[in-house]
Amino acid sequence: MSLTGPDGPPPAVGDQPTGAQPAVGQPTGAQPAVGQPTGAQPVDQQPGDQQREWQRFHPLTPLLRGGVVALGVLGYVISGQLNRIFGADPDDPTQGHWGIAAVVLAVVVLGVIGFSAIAWRAASYRLGTTTVELRTGVVAKQHRQVRYDRIQAVDISRPLLAQLFGLSSVRVEAAGGSDSNIELAYLPKGEADALRADLTRRAGQAPSPTENGTQDTEEAPATPERLIAAIPAGRVWLATAMSFNSAVLILTIPLLLGALVTGNLGLVPVVGPIALGSAGAQFGRLSSWMNFRVEAGSQAIRVRHGLTEQRTSTIPLHRIQAVEISQPALWRALEWWRIRVNVAGVHGEPGKQEDALIPVGTREEVLTILAAMGPRWSLPEVVEGLDAPGPSPSFVGVPPAARWLDPLSWKRIGYAETPTALLSRGGWLGRNVTLVPYARMQSLVLEQGPIERRLGLAGVRPISTHGSVRPVVRHLSLASANTLLVATADRARAARRAEADPTLVVEPTEPTSPQTPTAEQPALPFRDHGVDLSAPTSGQQDGETA
Amino acid sequence: MSVTLYGESPGILWQPVSPRLAVARRVGTLAGAVPTLAAAAVVAVLWTRWAWIAFGLLALGLVIELAIIGRQVSAISYAELPDEIIIRRGRLMRRLDSIPYGRLQYADMQSGPMERRLGLASVTIHTANPATSGNVPGLPLAEAEALRERLTARGEAQRAGL
C-alpha cells in the first residue's frame, strides 16, 4: 500500500507475537464460519504473514462523518462571500458574472470532494496477526492498534443516516480508557457483521467444541448464536411507565398545564426543566430498549437494541467482571428484573452505552441469560438471593443492630460465599443480587462510618472494574466483616493463582494466562492500543490480560 | 493473621506515615484559608462589623481543621503482606483497602511543592478500577521510591489477568 508511506510504525515490543500466547485465539484447525485464514497462529510468525490486506471504508464515509454538515456550512459561507465579491444585490449575487461564480463554485466543490477523497484514501484498517489496526489522517497520521486479546467487546451501530445507505459502524472496545477504542466506520452491513464475527472470534479463546460440529440441534451450523430473549414493545412501554421518572412527569405535567392555563408562569422555569429532563430520560429508555434482543453464543452474548439507531454489542463471556440482577420496586408485582454487567474496558458513555444484558426481563428470561453466561454466573444461590424475603440457608445476614440503618431491608441484606463467587443481596420491595467471582475482584475495601462504628458494624466492598455494578456487603458486624475480608482475600488469591496456572484451572472455558507470564514477555502496558501511547510508562505498567 | 480496621492486628506490622505529612497538609490548608480570612477582615473593617461573625466562624473552622489534620495523618497506616498491600485511613469514615499485587496495573509517585520541601512523596496504586485506587501519602522520598519499586516488582511477579 502506498498511501500512508511506511507499512505501519514498528510494533511496540509488547505487541510482538511471542511464544507466550498459547491461550489466545489459537484456532483448533477448522473455523468454517468465516472461511479465511485466521491469522491467529502467532507463534514464530512475522507480522505480515497470515494477515489481511489493508481495507478501505465505504466511499460514503466522509459524507456520513459530517460531510453533509461541512458541505452545508461551506455552501453558506461561500454564498455569503459571493455576495461580497460580486456585489450586494441579493437577487443576483453574481451580478452577471456567472462564469466566474460557476468556476469558483466548481473549484470549491471539487476541492471538498478531493479532500474527502484524500481523507478517505488515507483511512484504512487491517486485521493483522495479533492486532486490528486503523490508520487515519493525511497530515497528522494516526495509527492505532488493538490487540485481539485485549478486545473487550465489539459493537455495531447504525445511525439513522447510515441505515439509509445500508452502512454500519464497528466499534472495538479495548481495556483502558475511552481513547483505547477504535471505530471502524463505515462499512457495508454484511461486511460489518462479518468483521464483527471475525473480531469476536479472534478476541475469544480457541473455538469451543460446540462450534465445531457437536452443536445443539436447535443451532444451525452457520449461526452459532441463538435468540434467548426478546423484549416485546408492550413490556418496554409498561416498564418505562412504571418508573420514578413517570412519577415525576405525573406530578409536573399537571403543574405545567395549570400554570399555562391560569397564566401563572412563575412555576414554569422551575418545573419545566424537571419535566423536560424526565421526559428526555423516558424517551431515551424507550428508544434504547425497543427491539431488544439477546442472543447467546458459546463464548459471547450479543445484544441488539434501538429504535432509531440500532446498536449491537457483543460481550465476550470471559470479559464479564460482575453481574447485578435487580428489580425496581414498581416492577415487583410483575416479576421483571434487569441484568447489568461490568465489562472490562467498556466505560459507560451516558446515554450511549447500554450496560444491561436485559433491561427488563421476565424471570425465565433472566435465568435463561444467566444460564447462557455459563456455570460461573448461573448459581443456585442467585435464585435464593432473589426470592428469599428474609434469612435463607446460603446467605449470612446482618446483626439486628443493622436495623437502625436499614429498617426495611435489614432482613434481606447479606452475603453468600460459593466456591467461585461472592454474592451480595439487598433491597426490600425492589430487590437486588450482585455476583462477583473471586477471580475477578480487583481489590477489597472494608469501611465504617461513624454511625456504623457506634453500632459495631462495618461493610465490605469487593471492587470490580469500572461499571454500574458496584457490589457491597453492608452493615455486617465488625468481626464478621473482618472475617469476610480475610476469607475473601484468600479465595481471591487462590482464584488468581488458579487462573494463572492452566493446570489448576477450574473452569475449562475460562481464559488462562501463560504459565510464566512475565518470563519472556515484557510488561504490556494496560493501554497498549496504539504504539504512540505505549512508550513512556510501559516499564511500570502491567496488565497482562488473560 | 487477621486484618483489623483499626488498632493493632496480630501478625501485621502497620507502618505509619511520616508526621511531617501533617505539616504539609496544614500549610496547604493555611495557604487556602488565610486569603479568605483576610478578605473577611477587610470587609469587617471597611464596611460592616457583621463580617467579624464570618471571620470568627472561618477561623474556628480553620482551627478545627488544623487539629483534625494531625489525627487524620496519624490514622493512615499501611502494611505489606505477602500478596496484598493494605492501606488504612480515616478517623470518622474509616476505610481499609486491600489491594493484591497481582491486580496492580501500575504504581506512580507524586510530590507536591510543600511535600517536596519536606522530603515527602505519595505512592498511588492503580488497579483496573480507576475509581478505587490506593494511595499511600506522606512517605519519605527514599521510602516512597522503594515502595513503588517493590510494588512494581511484586505486581510483575504475581500479575493476574483481568
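Conventions used here
Residues numbered from 1 in each chain as written. Chains lettered and ligands numbered in written order. Predicted model: local features only at pLDDT ≥ 70, side-chain atom pairs only at ≥ 80, totals over all residues. Heavy atoms only, no water. Helix = DSSP H or I, 4+ residues; strand = E, 2+ residues; numbered from the N terminus. Buried < 20%, exposed > 50% of the residue type's maximum accessible area, 1.4 Å probe, protein only. Contact = heavy atoms within 4.5 Å. Areas by Shrake-Rupley, 256 points an atom, 1.4 Å probe, with all protein chains shown as cover. Pairing = 2+ DSSP bridges. Axes fitted to C-alpha atoms, helices over the stretch in contact; angles between N-to-C directions. Polar contact = N/O pair within 3.5 Å; in protein donor to acceptor, adjacent residues only side chain to side chain. pLDDT = per-residue confidence, 0-100.

To continue, consider the overall build of chain B. Looking only at helices and strands, chain B has 4 helices and 7 strands in total. Counting every position in chain B, which comprises 162 residues, the buried fraction comes to 48%. Nonlocal contacts in chain B, meaning residues at least 24 apart in sequence, comprise 51% of its contacts between residues at least 6 apart. Surface exposure of chain B reaches about 7800 Å², of which carbon and sulfur atoms provide 66%.

Strand pairing in a sheet relies on backbone hydrogen bonds, with the paired strands running either antiparallel or parallel. The 7 strands lie next to each other as β22(A)-β21(A)-β20(A)-β4(B)-β3(B)-β2(B)-β1(B), forming an open sheet whose pairing is antiparallel. Strand pairing shows two members of the sheet lacking a second neighbour, β22 (473-477) of chain A together with β1 (15-16) of chain B, which therefore form its edges. In terms of strand pairing, strand β3 (residues 84-89) of chain B meets strand β4 (residues 94-100) of chain B through 6 bridges, oriented antiparallel. In the strand pairing of β4(B), I85(B) is matched with I99(B). Helix α4 (residues 141-158) of chain B rests against β2 (77-80) and β3 of chain B of the sheet, and its axis sits at about 40 degrees to β2(B).

Residue and element names in this part refer to chain A. Position of S168 among the secondary structure elements: in strand β7 (residues 167-174). At 2.6 Å, the side chain of S168 and the side chain of R158 are in polar contact. In contact with S168, not counting residues within four places along its chain, are I156, S157, R158, L184, Y186, L187, K189 and A192.

Residue and element names in this part refer to chain A. A cis geometry characterises the amide bond from A185 onward to Y186, with omega recorded as -10 degrees. Looking at the secondary structure, you find Y186 in strand β8 (residues 182-188). At E335, a residue that is not glycine, the phi angle is positive and equals roughly 60 degrees. Topologically, E335 is positioned in the loop between β13 (320-326) and β14 (336-343).

Among the structural elements, S464(A) can be located in the loop between β21 (457-463) and β22. A sequence separation of 143 residues divides S464(A) from Q321(A), and the C-alpha atoms of the two residues are 6.5 Å apart.

This paragraph deals with the sheet that holds strand β9 (residues 226-230) of chain A. Residue and element names in this part refer to chain A. Strand order in the open sheet formed by 7 strands is β8-β7-β6-β12-β11-β10-β9, with antiparallel pairing between adjacent strands. On the outer flanks of this sheet lie β8 and β9, each paired with one strand and no other. With direction set aside, neighbouring strand axes in the sheet form an average angle of 20 degrees. When β7 meets β8, the two strands line up antiparallel, connected through 6 bridges.

A word on the confidence of the model for chain A. Residues and elements named next belong to chain A. Of the residues in chain A, 70% reach a pLDDT of 70 or more, and the chain-wide mean stands at 74. The low-confidence segment residues 1-49, where pLDDT is below 50, has 94 contacts with residues more than four positions distant or belonging to other chains. Confidence drops under a pLDDT of 50 for residues 348-352, and excluding neighbours within four residues, the segment shows 3 contacts in the predicted structure.

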